[in-house]
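Residues per chain are reported as follows:
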Amino acid sequence: MFLGKTVDIILIDYIIAITPYLPGCNIIIKFYGFIIILLIPIVLIHELIHGTIYTIFGGKVRYGFKGVYAYTQEISEIPIEKKKFVLILLAPLIIISPITILAPNWFGELIFLLNLLGSSGDIYMAITLVKYPVYCKIIDRSYGYDVIVEK
Ligand SMILES: [Zn+2]
């Protein structure tokens, strides 16, 4: 369990755990190497969760990469209720976070942390939606989203 642990302790646990691997290899290279190896499945699962929830809500999704950035794009351009869009945004955080509690200490902690960082844009977008009325609808766009406000 990592509840109450700070980021520095999570990272120290991670460094202690990876130290025996790749003996003779620089710790900085190990540190970033293992993070990159972990990031690939985390990012793929994260985007797959966005896409699956969007599909459940009737959207059509396309996955892609912008440089090192993976993204899920809704392509039907059908407006979706704000609460559903917020759920799509936060679904990877809501689903992956409790699962990381089941993983061994440093491993679960690091996955939790990386997914939380990867969700920062989603959290930010969800927060920016607060200012729009509950009944508004959202269209997912490559640059973010458009808001349709009509009663
Ligand atoms: Zn996301």
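Residues numbered from 1 in each chain as written. Predicted model: local features only at pLDDT ≥ 70, side-chain atom pairs only at ≥ 80, totals over all residues.

## Regarding the packing of helix 1 (residues 7-18) against helix 4 (residues 105-118)
If you want to describe how two helices pack, look at the angle between their axes and the distance between the axes.
Consideration 1: Interhelical geometry of helix 1 versus helix 4 gives an angle of 130° and a closest axis separation of 9 Å. Here helix 4 runs oblique to helix 1, going by the angle between their axes. Viewed along their axes, helix 1 and helix 4 form a crossing whose handedness is left-handed. Only Asn-105, Trp-106, Glu-109, Leu-110 and Leu-113 of helix 4 make contact with helix 1, whose side of the interface consists of Val-7, Ile-10, Asp-13, Tyr-14 and Ala-17.
Consideration 2: Here the residues of the contact of helix 1 with helix 4 are counted per class, giving 7 nonpolar, 1 polar and 2 charged. (Axes fitted to C-alpha atoms, helices over the stretch in contact; angles between N-to-C directions. Helix = DSSP H or I, 4+ residues; strand = E, 2+ residues; numbered from the N terminus. Parallel < 35°, antiparallel > 145°, perpendicular 65-115°, else oblique. Left-handed = near helix turned anticlockwise from the far one by under 90°. Contact = placed C-beta atoms within 7 Å. Nonpolar A, V, L, I, M, F, W, Y, C, P; charged D, E, K, R; others polar.)

## Some thoughts on the pairing of strand 2 (residues 69-74)
Consideration 1: Alignment of strand 1 (residues 61-66) against strand 2, held across 6 bridges, turns out to be antiparallel. By the bridge assignment, Gly-64 is partnered in strand 2 with Tyr-71.
Consideration 2: Between strand 1 and strand 2, which pair antiparallel and follow one another directly, the connecting turn spans 2 residues, one of which, Gly-67, has a positive phi of 65°. (Pairing = 2+ DSSP bridges.)

## Concerning helix 3 (residues 82-100)
Consideration 1: With 19 residues, helix 3 should cover 27 Å at 1.5 Å per step; its first-to-last C-alpha distance of 28 Å lies within 8% of that length.
Consideration 2: Maximal helix bending in helix 3 amounts to about 55°, located at Leu-90; proline Pro-92 follows within four positions.
Consideration 3: Of the positions making up helix 3, those classed as buried are Lys-82, Phe-85, Ile-88, Leu-89, Ala-91, Pro-92 and Ile-96.
Consideration 4: Tucked inside the fold, the buried residues of helix 3 contact helix 2 (27-56), strand 3 (80-81), helix 4, helix 5 (120-128) and strand 4 (137-141). (Expected span 1.5 Å × (residues − 1). Bend = angle between axes of the 7 residues up to and from the residue. Buried ≥ 20, exposed ≤ 12 C-beta atoms within 10 Å, placed from the backbone.)

## Details of the environment of Ile-148
Consideration 1: By the secondary structure assignment, Ile-148 is in strand 5 (residues 144-148).
Consideration 2: Overall, Ile-148 belongs to the partly exposed group, with 13 C-beta atoms counted inside 10 Å.
Consideration 3: A C-alpha to C-alpha distance of 49 Å links Ile-148 and Ile-18, two positions 130 residues apart in sequence.
Consideration 4: Not counting residues up to four positions away in its chain, the partners in contact with Ile-148 are Pro-79, Cys-136, Lys-137 and Ile-139.

## Considering unusual backbone geometry
Consideration 1: A positive phi angle, near 45°, is found at Leu-22, a position not held by glycine.
Consideration 2: Among the secondary structure elements, Leu-22 is positioned in the loop between helix 1 and helix 2.
Consideration 3: Overall, the presence of 13 C-beta atoms within 10 Å leaves Leu-22 in the partly exposed class.
Consideration 4: Positive phi, close to 60°, is recorded for Glu-77, a residue that is not glycine.
Consideration 5: Position of Glu-77 among the secondary structure elements: in the loop between strand 2 and strand 3.

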